[in-house]
There are 4 protein chains.
Amino acid sequence: MVSKQEEVVQLILDTSAKLFEKYGYNNVRISDITRDIGMTTGFFYYHFRSKEQILQMIYENYISGAADAVREIYHIPNLTAQEKLNLLIKRHCKGIRDNHSHVSVFFREYRNLSEEAIKLIQEKNSEYLKYVVKIIEQGVDEGLFKADVNPKMVSLAIIGMCNWIYQWFKDDGEKSIDEVGEIFYRLVTSGLLK
Amino acid sequence: MVSKQEEVVQLILDTSAKLFEKYGYNNVRISDITRDIGMTTGFFYYHFRSKEQILQMIYENYISGAADAVREIYHIPNLTAQEKLNLLIKRHCKGIRDNHSHVSVFFREYRNLSEEAIKLIQEKNSEYLKYVVKIIEQGVDEGLFKADVNPKMVSLAIIGMCNWIYQWFKDDGEKSIDEVGEIFYRLVTSGLLK
Amino acid sequence: MVSKQEEVVQLILDTSAKLFEKYGYNNVRISDITRDIGMTTGFFYYHFRSKEQILQMIYENYISGAADAVREIYHIPNLTAQEKLNLLIKRHCKGIRDNHSHVSVFFREYRNLSEEAIKLIQEKNSEYLKYVVKIIEQGVDEGLFKADVNPKMVSLAIIGMCNWIYQWFKDDGEKSIDEVGEIFYRLVTSGLLK
Amino acid sequence: MVSKQEEVVQLILDTSAKLFEKYGYNNVRISDITRDIGMTTGFFYYHFRSKEQILQMIYENYISGAADAVREIYHIPNLTAQEKLNLLIKRHCKGIRDNHSHVSVFFREYRNLSEEAIKLIQEKNSEYLKYVVKIIEQGVDEGLFKADVNPKMVSLAIIGMCNWIYQWFKDDGEKSIDEVGEIFYRLVTSGLLK
DNA sequence: CATGAATGAGGCTTCATTCAT
DNA sequence: GATGAATGAAGCCTCATTCAT
């Protein structure tokens, strides 16, 4: 059950994210957003405290979803690290595709948040990283992954590789998002060499 | 031999890049830049046409250097694709470390460029990608890399992984930039699995 | 019925015209205008797109009024050219007196308009001239005016003579504006010679 | 004999007048003038005290020439007022044609002069008017012109008619400047009516 | 004489936010 | 609850003029 209120907020967030992605946060006016939706400025300020709050909510929404997902995956019982990694990469890629404009804004506009908001984001980011590291470590412990693997560096590599999708992935491109995930998973597990 | 003029321009670019990185392009005033350097507004506008021109030059400088590097590496004779890949990844990582603030700006602020400038950047980006793809293809042709490798996706994975460094690498961190490059290289070539 | 909006716009136009007349368009600041009226800068820009728009509207207002008037006079039925000329000269003189500051700006500041705006003005000017010429031609055709009269040159002479009023006419001067019109009319029709 | 100095000054005045006419005094930069001539800013300021001084000199040059001319014409012995008027109109028209850009600037830009400069110009203008009035009065006294003629109003009419030429006269137009003068002279003396 | 790099005050404009209705 | 007219602080940029060389 979604209230009228929540619908309006979501509509504002989605529209804003699309505009922020296209033109940049600072180049989008409140009036651009309200015009696109067909509401008035006053109505906007009835639902949001400020322009920055849009940004904050875009960040919170995205990072919470992502952090929840990795935590869940990590805690699935009876799964090898390899299987978890597979799930993780595909989930991560899909998450970026599904929230494309939110993600783009997420990566580019955090300088426009207040310091507290930035600190909060960074904590969530660290948490995300922490769980990826844990999965890699599990693989090493299980003896599946090479013993000399550096879990943190590898995690950062994987996260980077996946995040970067937001820069180039297109729904009408050569590969579907799942295929991309599969290719990334294979690269990371087996490498390029024969 | 570097002229006085060029020195001033470089100083402005470096100072601007640092400020843009820290606060975001739109949150930095021309007066912030000139105050930091100790010059007057007029002096700045004697050397630059506009604030946007700073951004343009930051972009051109970085992308040109990167595109030159990958082209060179590709054309080194008597090198296997594996060796070229090694060079490329390390060069790329180092490039990001050495131009950290420029790169951060590069990835985050291009919405503030004019359409023509954006188009130019995209072309250079494509060129960069093209050469990475060629190196991967060489590896496949040489029989070194797996035959079923998708060169473009793999290239995008590698580029993403390396680019992402700008988000987390710190000179006083656990690993040096060369070590990071080595870890990435091994991951990409051999994978995580035993 | 005049809306609040239209009143504000008119007030801005009149105040601006007076200031432009006195100090020149380029020597008048937006803040001079708003201070004189007692409004804020923001309020001004809520009603006008730019400073140049003031100029454009001053031009459009004046020239439209003038062009309408001459067209009307030309089309009045059952009037000799001589009678029309009388009306025209007096109407023209009065128009300049009544819109003194607008007219002064009109004659002096068009270099500050955009090229398109200038072109538009010139077309309206040509239209004005066209109708004066037609009246003179009517007089020649009617056999009232000398057959060897050059309608265009004479029209330009009359228009110049009348326009020039903006340079010297004062309401507290020796002659009223109607008397000036009468003197001009007699000069043009009968000449100086006995 | 013209010194190098005077040549430079004249060149600057002519070039400036042309640019001022085309773009308006305030829209022309000192650098525009110096670039057109091929001199440096420093060199300009070696010859001129300020930008305003250009304007002042343009004004002085033109108005002095015109005032001298009308005074001379008035004082030619053994000439009827009618003959003087003929000379005057033609001289005035030619003066405007020959100094077109100077005259345009003269009529449009005096708001950019200092108050003292403006006062000086107005005095010279009054002097010019005074002599035209005297010629008309002479005609009335001689019994050539109608007794009820208002010399001042008629003078202002003639001056306006002639001055206005700067707005429309073109060297490649239908009539030469002398023909225009002749037409104006006839209109003023004999009128339009048969 | 001649240069041209350097100055810095000040103008036009934008836009997030408010609040009376 | 909803509106949208009004605000006003602040930023980018210009350009006449100077002066060390």
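Computed from a predicted model, the values in this text were never measured in an experiment. (Residues numbered from 1 in each chain as written. Chains lettered and ligands numbered in written order. Predicted model: local features only at pLDDT ≥ 70, side-chain atom pairs only at ≥ 80, totals over all residues. Heavy atoms only, no water.)

## Quick word on the interface of chain D and chain C
Interfaces are often sized by the amount of accessible area the parts lose when they come together. Stated formally: Residues count as neighbours in contact if any of their non-hydrogen atoms are within 4.5 Å of one another. Note on terms: buried area is the combined drop in 1.4 Å-probe accessible area of two parts once they are placed together, counting the loss on both. Any N or O atom pair separated by 3.5 Å or less is treated as a polar contact, with the protein-specific requirement of one donor-capable and one acceptor-capable atom, and with residues adjacent in sequence counted only for side-chain atom pairs. Secondary structure is summarised from DSSP: a helix means a run of H or I of at least four residues, a strand means a run of E of at least two, and numbering begins at the N terminus for each. Under the convention adopted here, Pro, Cys and the residues Ala, Val, Leu, Ile, Met, Phe, Trp and Tyr are nonpolar, Asp, Glu, Lys and Arg are charged, and Gly plus all remaining residues are polar.
Taken together, the contacts link 49 residues of chain D with 48 residues of chain C. Taken together, the two surfaces of chain D and chain C that pack against each other cover about 4400 Å², and 62% of this comes from carbon and sulfur. The interface formed by chain D and chain C contains 21 residue pairs in polar contact (both at pLDDT 80 or more). Among the elements that make up the side of chain D that touches chain C, the one with the highest residue count is helix α8 (residues 151-163) of chain D (nine residues). Its residues placed into classes, the side of chain D that touches chain C shows 25 nonpolar, 13 polar and 11 charged.

## With respect to the nonpolar core
The condition is simple: Residues belong to a common nonpolar core when they are buried Ala, Val, Leu, Ile, Met, Phe, Trp, Tyr or Cys residues joined through side-chain atoms within 4.5 Å. Partly exposed residues are those whose accessible area sits between 20% and 50% of the maximum for their type, while under 20% is buried and over 50% is exposed, using a 1.4 Å probe and protein chains only.
Among the nonpolar cores identified, the biggest contains 137 residues, and F184(C) and F184(D) are the most heavily contacted of them. Beyond its immediate sequence surroundings of up to four residues, F184(C) is in contact with I89(C), C93(C), M161(C), C162(C), I165(C), W168(C), M153(D) and A157(D). Residues L113(A), V149(A), I165(A) and L88(B) belong to the second largest nonpolar core, which totals 136 residues.

## Quick look at the pattern of salt bridges
When the charged atoms of two side chains with opposite charge come close together, those side chains can pair. The test is simple: By definition here, a salt bridge exists when the distance from a side-chain nitrogen of Lys or Arg to a carboxyl oxygen of Asp or Glu is within 4 Å.
Tallying each qualifying case throughout the model produces 36 salt bridges over all chains. A salt bridge links E182(A) to R186(A), with the nearest nitrogen and oxygen atoms 3.2 Å apart. Residue E182(A) and its partner R186(A) are located together in helix α10 (residues 177-190), separated by four residues, close to a single helical turn. Note that E182(C) is salt-bridged to K90(C), the shortest N-O span being 2.6 Å. Residue E182(C) is located in helix α10 (residues 177-190), and its partner K90(C) is located in helix α5 (residues 81-98); the two are separated by 92 residues in the primary sequence. On the accessibility criterion, E182(C) (23% relative accessible area) is partly exposed.

## What to know about the relation of the copies chain A and chain B
The cut-off we apply is this: Fitting of the copies onto one another was done by least squares over C-alpha atoms, counting residues only where both copies have pLDDT of at least 70.
Its rotation angle being 180 degrees, the transformation that places chain A on chain B also includes 0.1 Å of axial translation and leaves an RMSD of 0.1 Å. As the rotation angle and translation indicate, the two copies are arranged about a two-fold axis.

## Observations concerning the interface of chain A and chain B
Taken together, the contact between chain A and chain B spans 48 residues of the former and 48 residues of the latter. Between chain A and chain B, the buried area comes to about 4400 Å², and carbon and sulfur atoms account for 62% of it. Looking only at chain A, the three residues that lose the most surface to chain B are W164(A), L192(A) and L193(A), adding up to 18% of its buried area. Our count for the chain A to chain B interface comes out at two salt bridges. The interface formed by chain A and chain B holds 23 residue pairs in polar contact (both at pLDDT 80 or more) in total. Among the elements of the structure, α1 (4-23), α5 (81-98), α6 (100-108), α8 (151-163), α9 (165-168) and α10 of chain A are those that each provide at least two residues to the side of chain A that touches chain B. Of all the elements, α8(A) adds the most residues to the side of chain A that touches chain B, at nine residues. Here the side of chain A that touches chain B is built from residues that sort into 24 nonpolar, 13 polar and 11 charged.

## With respect to the protein's contact with DNA strand F
Inclusion rule: Only a single heavy atom is needed: when it lies within 4 Å of a molecule or strand, its residue is near that molecule or strand.
Looking at DNA strand F, there are 23 residues lining it, with Y46(A), Y45(B), Y46(C), R29(D) and Y45(D) nearest. The sugar and phosphate moieties of DNA strand F supply 75% of its atoms located within 4 Å of the protein. Taking I30(B), its main chain carries an N or O atom lying 3.1 Å from a phosphate oxygen of DNA strand F. Only α3 (41-47) of chain A, α3 (41-47) of chain B, α3 (41-47) of chain C together with α3 (41-47) of chain D provide two or more residues apiece to the surface near DNA strand F. In the surface near DNA strand F, the residues fall into 10 nonpolar, nine polar and four charged.

## Topic: the arrangement of the chains
Across the gap from chain B to chain C, with no contact made, the nearest C-alpha atoms are 21 Å apart. Across all C-alpha pairs, the smallest distance from chain B to chain D is 14 Å, and the two are not in contact.

## Thoughts on a negative patch on the surface
Residue and element names in this part refer to chain A. Where we set the bar: Without a salt bridge and with relative accessible area above 30%, a residue can belong to a patch; like charges are then joined within 9 Å and nonpolar side chains (Val, Leu, Ile, Met, Phe, Trp, Tyr) within 5 Å. All accessibility values rest on the Shrake-Rupley procedure with a 1.4 Å probe; residue burial counts only the protein chains present in the view. Under the counting rule used here, the positive set is Lys and Arg, the negative set is Asp and Glu, and His together with the chain ends is not counted. Working definition for charges: the position is that of NZ of Lys, CZ of Arg, CG of Asp or CD of Glu.
A contiguous patch of negative charge on the surface is contributed by E83, E137, D141 and E142. For D141, the location among the structural elements is in helix α7 (residues 115-141). The class of D141 is exposed, set by a relative accessible area of 68%.

## Here we look at the side chain of N112(D)
Among the structural elements, N112(D) can be located in the loop between α6 (100-108) and α7 (115-141). Overall, N112(D) belongs to the buried group, its relative accessible area being 13%. Reaching out from N112(D), the side chain makes a polar contact with the side chain of N27(C) at a distance of 2.7 Å. When near neighbours in sequence (up to four residues on either side) are disregarded, N112(D) contacts N27(C), Y25(D), N26(D), E52(D) and L55(D).

## What about the packing of aromatic side chains?
Going by this rule: Pairing of aromatic rings covers Phe, Tyr and Trp, the last counted by its six-membered ring, and requires centre-to-centre distances within 6.5 Å; plane angles under 30 degrees mean stacked, over 60 mean edge-to-face, and any other angle means tilted. Both a distance and an angle decide whether a charge sits over a ring: NZ of Lys or CZ of Arg must be within 6 Å of the ring centre and within 35 degrees of the ring normal.
All told, the structure shown has 44 aromatic pairs over all chains when counted by the stated rule. Their ring planes at 75 degrees and their centres at 5.0 Å tell us that F20(B) and Y25(B) sit as a pair that is edge-to-face. Assessed through its relative accessible area of 7%, Y25(B) is described here as buried. Judged by centre distance (4.9 Å) and plane angle (90 degrees), the rings of F44(D) and Y45(D) are edge-to-face. Classification of F44(D) by relative accessible area gives buried; the value is 0%. The residue whose ring lies beneath K84(B) is Y74(B), and the NZ or CZ to ring-centre distance is 4.9 Å.

## Describing the protein's contact with DNA strand E
The immediate surroundings of DNA strand E are formed by 24 residues, with R29(A), Y45(A), T40(B), Y46(B) and Y45(C) found nearest. For DNA strand E, the backbone makes up 75% of the atoms found within 4 Å of the protein, where backbone means sugar plus phosphate. Y46(D) is positioned with one of its side-chain polar atoms (N or O) 2.9 Å from a sugar or linking oxygen of DNA strand E. Put simply, the parts of the chain that give the surface near DNA strand E at least two residues each are α3 of chain A, α3 of chain B, α3 of chain C together with α3 of chain D. Class assignment of the residues belonging to the surface near DNA strand E gives a composition of 10 nonpolar, 10 polar and four charged.

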